[in-house]
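Structure assessment
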Amino acid sequence: MCGIVGAVAQRDVSEILVEGLQRLEYRGYDSAGVAILDEQGNLGRARRVGKVKQLRNALTEQPLSGGTGIAHTRWATHGEPSERNAHPHLSCDDIAVVHNGIIENHVELRSMLQGLGYVFASDTDTEVIAHLVHHELKSADSLLAAVQVTVKQLHGAYGTVVVDRRQPERLVVARSGSPLVIGYGVGEHFVASDQLALLPVTRRFAFLEEGDVAEVTRREVNIFDIDGNAVERDITESNVSHDAGDKGQYRHYMMKEIHEQPMALQRTLDGRLANGKVIDEAFGENAAQLLSKVKHVQIIACGTSYHAGMTARYWLEQHANVSCNVEIASEFRYRRSHVFPDSLLVTISQSGETADTLAALRLAKEMGYMASLTICNVPGSSLVRESDMAYMMKAGAEIGVASTKAFTVQLAALAMLTGAIGAYNGMSADTQAQLVQSLQALPSKVEQTLALNDDIEALAEDFADKQHALFLGRGDQYPIAMEGALKLKEISYIHAEAYASGELKHGPLALIDADMPVIVVAPNNELLEKLHSNVEEVRARGGLMYVFADVDAKFESDDTMKVIPVPHCDEFIAPIIYTLPLQLLSYYVALIKGTDVDQPRNLAKSVTVE
Ligand code: M6R
């Protein structure tokens, strides 16, 4: 989704801004722009539809330079993707603004400002901020004061950065509902919507909190809370690797991230398992006290993270002896639901900034849940800061829009949660030890399974001319089938559906013919015999099947069925293992189809608006 970078320095900041935008490309966007204040006090602006590369080319032809600047990648919400709607937006050539989020009362503000004589040059909601700041500056004594008065009039979500040509060498930033981080350099300061953008110039960051407004100059950062009180925000040293934004030897981030899974899982397990048990503190300092009381778990998430939650429901109810509900955040937040006694609310999110999940957490906090836990990959993100407990995933930065390593690490975290809650709810010491053992074996089992790479690449050819695909699984493999279908549709644009295979005869069987490939995930578990029957139902209707099966699952390839043997693994970790071939399959199909694997059309990495 939209990305923001800003800088105030003695040196020319144009390259810092463009490089920062390039590092935010993974978030998804349709246009990019930059505004820079030069030494003579002129505000220069360049905007382009398309990739940051196009903006860079424009700046090569007509360079802009100066020590204060802001830049933006836009993901259209109000107004089509076009140069006139790209940020930064200006008011009277004095004020420049970039903005993430949505201003809900922009129609009223626009007509009020038009009444005051302001002429709008775009269809965006953002432009009202520029004119409003300009208007408020007629009575306010500083840019900071004008922005403070302006944000009080905005309804909705914003992370915004403002520059005033007449007050050079300063940025004023404000946050409500859209994340912003301040980067501390030596004699220079930076702002961004994501610390990744600033890693080439600093590792020291402070995250703004909801309602904060800050004035950022070369020498100082002054932060004010929602009531206008001066406040300090912790400055932390980031340990995110500088090259997290590089593809290394891989052609796409997605492939790099698929192959990072053994390492990511190892990191997430390290120091969190001991003596055949899950260490409660993996979920936060005082987690033991809360986890010991849990009798019900309510999971909230979106997309891939929701599929992780769906899998966890099977684990928690079967092994941890607690009831569990799982719901999509955008549904949960707009319906009336009931809180079971001793309920733990669990949010799952790679980014920690997904607008619906965050809104659901805020709502749940008012509803009387015993406590909230987030399973999240981004330290300092909104979900981490606003939850009572946090399990930090340590998957490393995930850049590809299609979530891969974050999903398997989420599953590992949820398996650990099952062990931790189960320990207080009658899970035997043997079962706990078996769970821990299978988790410890996970990184090498994942490595072994990724060796299927070449077989799956060959298989992908069969899908290149297909319009549809059906994914089938049973039990805790049903959400894995859903995740496989999501991956395929997301990056190859092939329509894919997932069904619990027992549901086949209740409708989807009507779709089966030779043009409908059916992908089946078949570990060797107690549902295997049932799955065999479902496979026969498809075979009898002339369907062509691709079965990812345990080596002992007794499936054999023939004219109607290609069997891809998957290394044998403990039942508990099977959902993680069977995810891997489906990730590889969608990657190779997308490659053959020539789609934009890392930034699929219409999608954003972090969905920070509703
Ligand atoms: O950052 P989150 O985990 O909260 O994101 C949730 C979804 O937007 C995300 O998982 C999305 O479905 C992925 N693009 C799927 O690959």
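The paragraphs below set out a description of the structure included in this document.

Definitions and limits used
Residues numbered from 1 in each chain as written. Predicted model: local features only at pLDDT ≥ 70, side-chain atom pairs only at ≥ 80, totals over all residues. Heavy atoms only, no water. Helix = DSSP H or I, 4+ residues; strand = E, 2+ residues; numbered from the N terminus. Rg over C-alpha atoms; globule rule 2.2 N^0.38 Å. Buried < 20%, exposed > 50% of the residue type's maximum accessible area, 1.4 Å probe, protein only. Contact = heavy atoms within 4.5 Å. Areas by Shrake-Rupley, 256 points an atom, 1.4 Å probe, with all protein chains shown as cover. Phe/Tyr/Trp six-rings, centres within 6.5 Å; stacked < 30°, edge-to-face > 60°. Expected span 1.5 Å × (residues − 1). Near = heavy atom within 4 Å. Polar contact = N/O pair within 3.5 Å; in protein donor to acceptor, adjacent residues only side chain to side chain. Nonpolar A, V, L, I, M, F, W, Y, C, P; charged D, E, K, R; others polar. Pairing = 2+ DSSP bridges. Axes fitted to C-alpha atoms, helices over the stretch in contact; angles between N-to-C directions.

For the chain, the helix and strand inventory stands at 19 helices and 27 strands. A globule of 610 residues ought to have a C-alpha radius of gyration of about 25 Å, and the chain, at 25 Å, matches this closely. Seen through its C-alpha atoms, the chain measures out along the principal axes to roughly 75 × 55 × 45 Å. Classification of the 610 residues of the chain by burial places 62% in the buried group. Long-range contacts, defined here as pairs at least 24 residues apart, represent 72% of the contacts in the chain between residues at least 6 apart. Carbon and sulfur atoms form 47% of the exposed surface of the chain, whose accessible area is close to 23,200 Å².

Most of helix H1 (residues 14–23) is tucked away, with 7 of its 10 residues classed as buried. Those residues of H1 lying buried are Ser14, Ile16, Leu17, Val18, Gly20, Leu21 and Arg23. Tucked inside the fold, the buried residues of H1 contact strand E1 (3–8), strand E2 (31–37), helix H2 (52–61), strand E4 (68–74) and strand E10 (189–192).

Topologically, Asp93 is positioned in the loop between strand E5 (89–91) and strand E6 (95–100). Once the C-alpha coordinates of Asp93 and Gln40 are considered, the two residues, 53 residues apart in sequence, prove to be 14 Å apart. For Asp93, the contacting residues outside a window of four places in its chain are Leu43 and Arg165.

On to the packing of aromatic side chains, then. Applying the stated rule across the entire model yields 4 aromatic pairs. Between Phe283 and Tyr391, the ring centres sit 5.3 Å apart and the planes meet at 45°, which makes this aromatic pair tilted. One end of the pair, Phe283, is in the loop between strand E17 (277–278) and helix H8 (287–291); the other, Tyr391, is in strand E22 (residues 389–392), and 108 residues separate them in sequence. Accessibility classification places Phe283 together with Tyr391 in one group, the buried group. Arranged with centres 5.0 Å apart and planes meeting at 25°, the rings of Trp315 and Phe572 form a pair that is stacked. Taken as a pair, Trp315 in helix H9 (residues 303–319) and Phe572 in the loop between strand E27 (561–566) and helix H19 (574–593) lie far apart in primary sequence, 257 residues in all.

Turning to helix H17 (residues 478–492), a few remarks are in order. With 15 residues, H17 extends 21 Å between its outermost C-alpha atoms, agreeing within 8% with the 21 Å of an ideal straight helix rising 1.5 Å per residue. Across the 15 residues that make up H17, a large majority, 12, are buried. Those residues of H17 that fall on the buried side of the exposure criterion are Pro479, Ile480, Ala481, Met482, Glu483, Gly484, Ala485, Lys487, Leu488, Glu490, Ile491 and Ser492. Packed against the buried residues of H17 are helix H6 (253–259), H9, helix H13 (405–422), strand E23 (468–473), strand E24 (495–500) and H19.

Along the chain, the position of His106 falls in helix H3 (residues 106–115). Looking at His106, the relative accessible area reads 13%, which means it is buried.

Here we take up the site of the ligand. Surrounding the ligand, one finds 14 residues, the nearest of these being Ser305, Ser349, Ser351, Thr354 and Glu490. Here an oxygen atom of the ligand sits 2.7 Å away from a polar atom, N or O, in the side chain of Ser351. A distance of 2.8 Å separates an oxygen atom of the ligand from a polar atom in the backbone of Ser403. Across the complex, the protein chains shield 91% of the 410 Å² of accessible surface that the ligand would expose by itself. Counted by class, the shell around the ligand contains 4 nonpolar, 8 polar and 2 charged residues.

This part is about the sheet that holds strand E21 (residues 371–376). Hydrogen bonds between backbone groups are what pair the strands of a sheet, and the pairing can be parallel or antiparallel. Strand order in the open sheet formed by 5 strands is E19-E18-E20-E21-E22, with parallel pairing between adjacent strands. Edge strands, defined here as strands with exactly one partner in the open sheet, are strand E19 (323–328) and E22. Taken over all neighbouring pairs, the strand axes of this sheet differ in orientation by 20° on average, direction set aside. Pairing between E21 and E22: 4 bridges, direction parallel. Residue pairing across strands places Thr374 opposite Ala390, the latter belonging to E22.

Moving on, we come to the sheet that holds E4. The 8 strands are arranged E3-E2-E4-E1-E10-E9-E11-E15 in an open sheet whose pairing can be described as antiparallel. Each edge of the open sheet is held by one strand with a lone partner, namely strand E3 (43–49) and strand E15 (236–237). Where strand E11 (residues 204–207) lies against E15, 2 bridges are found, and the strand directions are antiparallel. Bridge assignment links Phe205 to a residue of E15, and that residue is Thr236. Sitting on the sheet, H1 is in contact with E1, E2, E4 and E10, with an inclination near 160° to E1. Relative to the sheet, H2 contacts E2, E3 and E4, its axis offset from that of E3 by approximately 140°.

Read these as geometric descriptors, not functional statements.
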